[in-house]
Amino acid sequence: MVICITYRSDDSPLNSFDEVLKPSYIQALLLNKPILILGDLNCNYLKKTYSEFKALEKFYTEMNSIQLI
């Protein structure tokens, strides 16, 4: 199992999902192990109108991942 601990500060741009997290996730996929991403991505998942939610949703949809919380 690959465990990733990540943090995105409030002032970090949302494109960091595509520019930083996505390439690292793809590299971890090459290990052919389950991947667990933990941490605080500072995305308001409860209010689905926010751009943070949309950016996170795009990431986990493209990576065929599951958002548990």
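Just above sits the structure.
Residues numbered from 1 in each chain as written. Predicted model: local features only at pLDDT ≥ 70, side-chain atom pairs only at ≥ 80, totals over all residues. Heavy atoms only, no water.

**Some points on the side chain of Thr 6**
So, point 1. Looking at where Thr 6 falls in the secondary structure, it is placed in strand S1 (residues 2–7).
So, point 2. The residues contacting Thr 6, other than those within four sequence positions of it, are Ile 37, Leu 38, Gly 39, Asp 40 and Leu 41. (Helix = DSSP H or I, 4+ residues; strand = E, 2+ residues; numbered from the N terminus. Contact = heavy atoms within 4.5 Å.)

**Side note on a nonpolar patch on the surface**
So, point 1. Residues Met 1, Ile 3, Ile 5, Leu 36 and Leu 38 make up a contiguous nonpolar surface patch of roughly 510 Å² in combined accessible area.
So, point 2. Mapped onto the nonpolar patch, the elements with two or more residues apiece are S1 and strand S2 (35–40). (Patch = residues over 30% accessible without salt bridge, like charges linked within 9 Å, V, L, I, M, F, W, Y side chains within 5 Å. Areas by Shrake-Rupley, 256 points an atom, 1.4 Å probe, with all protein chains shown as cover. Salt bridge = Lys/Arg side-chain N within 4 Å of Asp/Glu carboxyl O.)

**Points about the pairing of S1**
So, point 1. Looking at chain direction, S1 and S2 are connected through six bridges and run parallel. Among the inter-strand pairings, Val 2 is bridged to a residue of S2, identified as Ile 35.
So, point 2. Crossover S1 to S2 through helix H1 (residues 16–29) is right-handed. (Pairing = 2+ DSSP bridges. Right-handed = clockwise from strand over helix to strand, strands pointing away.)

**Observations concerning the nonpolar core**
Within soluble globular proteins, side chains that are nonpolar generally end up buried alongside one another.
So, point 1. In terms of nonpolar packing, the biggest core is built from 10 residues, these being Phe 17, Leu 21, Tyr 25, Leu 41, Cys 43, Ala 55, Leu 56, Phe 59, Tyr 60 and Met 63.
So, point 2. Elements represented by at least two residues in this core include exactly H1 and helix H2 (51–62).
So, point 3. If sequence neighbours within four positions are ignored, Leu 41 has contacts with Thr 6, Arg 8, Phe 17 and Leu 56. (Core = buried A, V, L, I, M, F, W, Y, C linked by side-chain atoms within 4.5 Å. Buried < 20%, exposed > 50% of the residue type's maximum accessible area, 1.4 Å probe, protein only.)

**Things to note about the packing of aromatic side chains**
So, point 1. Considering all chains together, one arrives at two aromatic pairs under this definition.
So, point 2. Measuring from ring centre to ring centre gives 5.7 Å for Tyr 25 and Phe 59, while their planes differ by 80°; the resulting arrangement is edge-to-face. Within this pair, whereas Tyr 25 is found in helix H1, its partner Phe 59 is found in helix H2, the two being separated by 34 residues in sequence.
So, point 3. A connected cluster of aromatic rings, assembled from ring pairs, spans Phe 17, Tyr 25 and Phe 59. (Phe/Tyr/Trp six-rings, centres within 6.5 Å; stacked < 30°, edge-to-face > 60°.)

**Thoughts on unusual backbone geometry**
So, point 1. Phi is positive for Asn 32, which is not a glycine, with a value near 55°.
So, point 2. Relative to the helices and strands, Asn 32 resides in the loop between H1 and S2.
So, point 3. Residue Asn 32 is classed as exposed on the basis of its relative accessible area, which comes to 71%.
So, point 4. Positioned with a positive phi, Asn 64 is a non-glycine residue whose angle comes to about 55°.
So, point 5. Within the secondary structure, Asn 64 sits in the segment after H2.
So, point 6. On the accessibility criterion, Asn 64 (71% relative accessible area) is exposed.

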